[in-house]
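# Structure at a glance
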Amino acid sequence: MNLLYNSGIVLQRIEMNDWDRNNLHFILDSDEATLEDFYSWATEDDLAYALSLVREARTELLVQEAEILDELLTNATADDVADACNVLRKFQL
């Protein structure tokens, strides 16, 4: 199976019951064909529920990103910032 995304990392910190967690695993870990099948029979309520689970996971990812950035910025030195600027210059248009 060709997974679009492995949800193991994201799900570690999200507080939800087992039913919701298993459904989120399904949404995040299913291949494209499985999701197309789900979409073909899902009701509007099913899709709204799925979207709410994805939004909850997205929010957790944003929190984790903010924590990482905060840690990086707290511990960054002037040399780190200069090195990062030099690397990023290569990608400027």
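All figures in this text were calculated on a predicted structure; none of them were measured in a lab.

Let us look at a nonpolar patch on the surface. Nonpolar side chains collect at one region of the surface, where Ile-68, Leu-69, Leu-72 and Leu-73 lie side by side and expose about 430 Å² of accessible area between them. Positionally, Ile-68 belongs in helix 4 (residues 44-75).

A word on the packing of helix 3 (residues 32-41) against helix 4. Where helix 3 contacts helix 4, the two axes come as close as 8 Å, and the packing angle between them is 135 degrees. As judged from the angle between their axes, helix 3 and helix 4 are oblique. When helix 3 is examined against helix 4, the residues Phe-38, Tyr-39 and Trp-41 are found in contact with a partner set consisting of Asp-46, Leu-47 and Ala-50. Taken together, the residues that form the contact of helix 3 with helix 4 break down as five nonpolar, no polar and one charged.

If you trace the backbone, Asp-20 turns up in helix 2 (residues 18-29). With no salt bridge to any partner, buried Asp-20 finds its closest opposite charge in Arg-21, at an N-O distance of 9.1 Å. Excluding its chain neighbours within four sequence positions, the residues that come into contact with Asp-20 are Tyr-49 and Leu-53.

With that settled, consider the packing of aromatic side chains. Taken as a whole, this structure holds two aromatic pairs when the rule is applied. An angle of 75 degrees between the planes, with centres 5.7 Å apart, marks the rings of Phe-26 and Phe-38 as edge-to-face. Taken as a pair, Phe-26 in helix 2 and Phe-38 in helix 3 lie far apart in primary sequence, 12 residues in all. Overall, the relative accessible area of 32% leaves Phe-26 in the partly exposed class. Judged by relative accessible area, Phe-38 falls into the buried class, the value being 14%. Arranged with centres 5.2 Å apart and planes meeting at 90 degrees, the rings of Phe-38 and Trp-41 form a pair that is edge-to-face. A residue pair is termed a helical-turn pair when its members lie 3 or 4 positions apart in one helix, as Phe-38 and Trp-41 do in helix 3 at three residues. Residue Trp-41 is classed as exposed on the basis of its relative accessible area of 51%.

Further remarks concern the confidence of the model for the protein. Taken residue by residue, the protein gives an average pLDDT of 85. The fraction at 70 or more is 87%. Per-element averaging of pLDDT across the protein places helix 1 (residues 8-11) at the bottom with 61 and helix 3 at the top with 96. Residue range residues 1-5 is modelled with pLDDT below 50. Its contacts to residues more than four positions away, or to other chains, number 11 contacts.

Before going further, it helps to examine helix 2. The terminal C-alpha atoms of helix 2 lie 16 Å apart, and with 12 residues this matches the ideal 16 Å at 1.5 Å per residue to within 8%. Buried within helix 2 are the following residues: Asp-20, Arg-21, Leu-24, Ile-27, Leu-28 and Asp-29. Looking at where helix 2 begins, the residue whose side-chain oxygen comes 3.1 Å from the main-chain nitrogen of Trp-19 is Asn-17.

About the criteria used
Residues numbered from 1 in each chain as written. Predicted model: local features only at pLDDT ≥ 70, side-chain atom pairs only at ≥ 80, totals over all residues. Heavy atoms only, no water. Patch = residues over 30% accessible without salt bridge, like charges linked within 9 Å, V, L, I, M, F, W, Y side chains within 5 Å. Areas by Shrake-Rupley, 256 points an atom, 1.4 Å probe, with all protein chains shown as cover. Salt bridge = Lys/Arg side-chain N within 4 Å of Asp/Glu carboxyl O. Helix = DSSP H or I, 4+ residues; strand = E, 2+ residues; numbered from the N terminus. Axes fitted to C-alpha atoms, helices over the stretch in contact; angles between N-to-C directions. Parallel < 35°, antiparallel > 145°, perpendicular 65-115°, else oblique. Contact = heavy atoms within 4.5 Å. Nonpolar A, V, L, I, M, F, W, Y, C, P; charged D, E, K, R; others polar. Buried < 20%, exposed > 50% of the residue type's maximum accessible area, 1.4 Å probe, protein only. Lys, Arg positive; Asp, Glu negative; His and termini not counted. Phe/Tyr/Trp six-rings, centres within 6.5 Å; stacked < 30°, edge-to-face > 60°. pLDDT = per-residue confidence, 0-100. Expected span 1.5 Å × (residues − 1). Polar contact = N/O pair within 3.5 Å; in protein donor to acceptor, adjacent residues only side chain to side chain.

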